[in-house]
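One letter stands for each residue in the lines below.
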Amino acid sequence: MEYMRDVRPQNIWRKYIMKRNAKKLLAVFMAVLMILPLAMPASAKAALTDTCDDPVIYIGGDSGSLYYDNDTKEFCIDKASNLLNDGEGDNKEKILEATANILLPFILEGIAFDKWDRYYAAVEKEIGELFAPVRLDENGNVPEGSDCGIGKEAKADRQRKMTRDLADGNGKYREYTYEYKYDWRLDPIELADDLHEYIEGVKKATGRDRISIVSKCLGTNVVLAYINKYGTDSIKGLGIGVATSNGADFLSGAISGDFTIDGNGLVRLGKELAVTKNFVVHPLIIETIELLANTGVLDTLTDTARKLLYSKIEYGIISALATSTMMTFPCYWALVTPEDFEAGLDYAFGKEGSEKRKQYAGLIEKITVYNETIKKHVDDIMKQIKVPRADGKTTNLAIVSKYGTQMVPCIKDEGVLADNYVSVRKSSFGATTSTIYDKLSDEYIAERIAAGYGKYISPDKQIDASTCLFPDYTWFIKNCEHGYYPWEEKQLVLAVIDADRQLTTDDFKYTQYSVFDYSTDTLSVMTEENCNDTYWTA
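For clarity, every value in this text was computed on a predicted model and none was experimentally measured.

Enquirer: Explain the side chain of Ser256 to me, please; I cannot follow it from the model alone.
Expert: Relative to the assigned elements, Ser256 resides in the loop between α8 (249–255) and α9 (263–276). The class for Ser256 is buried, based on a relative accessible area of 7%. One polar contact links the side chain of Ser256 to the main-chain carbonyl oxygen of Gly253, over a distance of 3.3 Å. If we ignore the near neighbours within four places in the chain, the residues touching Ser256 are Asp340, Ala343, Gly344 and Tyr347.

Enquirer: I keep staring at the pattern of salt bridges and nothing clicks. Help me out?
Expert: If charged atoms from side chains of opposite charge come close, those side chains can pair. Evaluated as defined, the whole model comprises 30 salt bridges. A salt bridge links Lys376 to Glu372, with the nearest nitrogen and oxygen atoms 3.0 Å apart. Among the ionic contacts, a cluster of salt bridges with common partners joins Asp54, Arg208, Lys236 and Asp498.

Enquirer: Is there a simple way to explain a nonpolar patch on the surface in this structure?
Expert: Together, Leu103, Leu104, Ile107 and Leu108 make up an exposed nonpolar region whose accessible area comes to about 380 Å². Tracing the backbone through its elements, the reader meets Leu104 in helix α3 (residues 92–113).

Enquirer: Can you walk me through helix α7 (residues 219–230) in this structure?
Expert: Helical periodicity: at 3.6 residues per turn, an α-helix aligns residues three or four positions apart in one direction. Taking 1.5 Å per residue, 12 residues should reach 16 Å; α7 reaches 16 Å between its end C-alpha atoms and fits that length. When we look at burial in α7, the residues that qualify are Gly219, Thr220, Asn221, Val222, Val223, Leu224, Ala225, Tyr226 and Ile227. The positive-phi residue at the C-terminal boundary of α7 is Gly231, with phi of around 75°.

Enquirer: It is not clear to me how the nonpolar core should be interpreted in this structure. Could you clarify?
Expert: As a rule of thumb, soluble globular proteins bury nonpolar side chains together. Trp333 and Met382 are the most contacted members of the largest nonpolar core, which totals 110 residues. Beyond its immediate chain neighbours, meaning those up to four positions away, Met382 contacts Leu224, Ile240, Leu397, Ile399, Phe429, Leu469 and Phe470.

Enquirer: Is there a simple way to explain the packing of aromatic side chains in this structure?
Expert: One pass over the full model with this rule turns up 25 aromatic pairs. Aromatic pair Tyr180 and Tyr182: ring centres 5.3 Å apart, planes at 10°, arrangement stacked. Take Tyr180 and Tyr182: they sit in the same class, and that class is buried. Between Trp333 and Phe349, the aromatic rings sit 5.7 Å apart at their centres with planes inclined by 20°, giving stacked as the arrangement.

Enquirer: What exactly am I supposed to notice about the sheet that holds strand β12 (residues 522–525) here?
Expert: Strand order in this open sheet of eight strands is β4-β1-β5-β6-β7-β10-β11-β12, and the pairing throughout is mixed. Among the strands making up the open sheet, the edge pair consists of β4 (178–179) and β12. Relative to strand β5 (residues 211–216), strand β1 (residues 56–59) runs parallel, the two sharing four bridges. In the strand pairing of β5, Ile57 is matched with Ile213.

Enquirer: Where do I start with the packing of helix α6 (residues 188–206) against α7 in this structure?
Expert: Helix-helix packing is characterised by the crossing angle of the two axes and by the distance between the axes. One can describe the packing of α6 onto α7 by two numbers: an axis separation of 8 Å at closest approach and a directional angle of 75°. On the basis of the axis angle, α6 is roughly perpendicular to α7. Across the interface between the two elements, Pro188, Ile189, Leu191, Ala192, Asp193, Leu195, His196 and Ile199 of α6 pack against Asn221, Val222, Ala225, Tyr226, Lys229 and Tyr230 of α7. Grouping the constituent residues of the contact of α6 with α7 by class yields 10 nonpolar, two polar and two charged.

Enquirer: Got a minute to help me understand unusual backbone geometry in this structure?
Expert: Most peptide bonds are trans, and most residues other than glycine sit at a negative phi. With phi around 60°, Asn70 is a residue other than glycine that occupies positive phi space. The residue Asn70 is located in the loop between β2 (66–68) and β3 (73–75) in this model. For Asn420, which is not glycine, the phi dihedral falls at a positive 95°. Here Asn420 lies in the loop between β7 (396–403) and α17 (424–427). Using a relative accessible area of 6% as the deciding quantity, one classes Asn420 as buried.

Enquirer: Got a minute to help me understand the environment of Asp464 in this structure?
Expert: For Asp464, the location among the structural elements is in strand β9 (residues 463–464). C-alpha separation for the pair Asp464 and Tyr444, spaced 20 residues apart in sequence, amounts to 9.7 Å. Not counting chain neighbours up to four residues away, the residues in contact with Asp464 comprise Ala431, Thr432, Leu440, Tyr444, Arg448, Tyr456, Ile457 and Tyr513.

Definitions and cut-offs
- Residues numbered from 1 in each chain as written.
- Predicted model: local features only at pLDDT ≥ 70, side-chain atom pairs only at ≥ 80, totals over all residues.
- Heavy atoms only, no water.
- Helix = DSSP H or I, 4+ residues; strand = E, 2+ residues; numbered from the N terminus.
- Buried < 20%, exposed > 50% of the residue type's maximum accessible area, 1.4 Å probe, protein only.
- Polar contact = N/O pair within 3.5 Å; in protein donor to acceptor, adjacent residues only side chain to side chain.
- Contact = heavy atoms within 4.5 Å.
- Salt bridge = Lys/Arg side-chain N within 4 Å of Asp/Glu carboxyl O.
- Patch = residues over 30% accessible without salt bridge, like charges linked within 9 Å, V, L, I, M, F, W, Y side chains within 5 Å.
- Areas by Shrake-Rupley, 256 points an atom, 1.4 Å probe, with all protein chains shown as cover.
- Expected span 1.5 Å × (residues − 1).
- Core = buried A, V, L, I, M, F, W, Y, C linked by side-chain atoms within 4.5 Å.
- Phe/Tyr/Trp six-rings, centres within 6.5 Å; stacked < 30°, edge-to-face > 60°.
- Pairing = 2+ DSSP bridges.
- Axes fitted to C-alpha atoms, helices over the stretch in contact; angles between N-to-C directions.
- Parallel < 35°, antiparallel > 145°, perpendicular 65-115°, else oblique.
- Nonpolar A, V, L, I, M, F, W, Y, C, P; charged D, E, K, R; others polar.

Remember, this is a structural readout, not a statement about activity or role.
Right, dumping it as structure tokens:
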């Protein structure tokens, strides 16, 4: 009877419908399984990583060490004081003698008779002798007989790495596996050829057609010079941190005479050093400077000094200091903006036709070529990064800009949003910002939101990333100084440059804006609750 009931017409039809629906459900289920992997990248956040599938070449800035005196002495910006040390103790007698030789013409001829030429000559001679081990010649080249450079050990390490595949046991590469060590004093255009040789060596050693690059600070100038000459066919991904490609504000302002000394900036810098460097400035000093600044006394003193004295000697003293120290380095001239370049030449070498211009003609020609071919065309060169290659793909790009720290307070606008050395506008390739004192206006923000760019406004309302050259590939970290690279920042950059597609600020748990905490050494997504904790006001 059960069988007979099953074969009744209505039951046969019901079983047919159920069977047909089951097939439909199975088909839908299989379709979902097939589509799900494709949908995952859109819904899931990309994972951070500390390794890459392809080799990574790291290119740092002027923090890299140079060596001289048969590799027994070290020089980098953080250790410039080593130039005043003979290896056994301070050269006190030498320094005292140099000081006396500088002060005598300053007092006896300058102050007394308003004649400054011998003072300038003394500054250039005495300080130049202290910097002699690392200065370049009048053509911006390493002087004949000088042994200053990256050092024998670094050269040997470089040659070794250009002949070996240094992948780890899992076939992966880390950020520093291949570090391009270079003499960062030299012309970035000349260094581009050297970098090309290194890239080709690593490609051959690893059997890869492409590598990725992580560049910081001064290194970005070398990378742009490389891209301008050799293109991006060999570069799978490029990570750029705290770029100086558009110039470093503090150096550009100093060499062009466009600066002032700001008391409030000194106070903020002192407070900040206590947090970022554990360098404690005595509270009494901070309070005294703050009092002098807030009451206008410091401004009066610096303004008066500049009007009465410095205005008379600024061209000569800047020139003497520049050519006796580090403005013989073409790479440092790469940090001067096109807007400041001509004024910088005047301050460093004198007006057109001067004897110093003739003396340094070779250096001037070299730095002028860089200014004309690279510095004035940074955006155009950067755009090449996203031009499709022969395989139809583009180079992955990650840009990191930092702020919330006091710009070195010897520029005209000490309130610029910056990372100590480079403004956000420059390091981000075009972000619109407020100053450290205020926020973007309500009217401006309303206009940007109405135009569909609201997501690019930072929670602290100090940055609009929509005006960047690459707004979707640019990340901002607040309260992190220029030379500090948090671990999570490194991981994010490696994840972007190693991905099989261009990842954006929407692909990570870290949004476009993060806040860094030195006490825990961690990043946090910036929110309206944690965005106003700048160290000097905390």
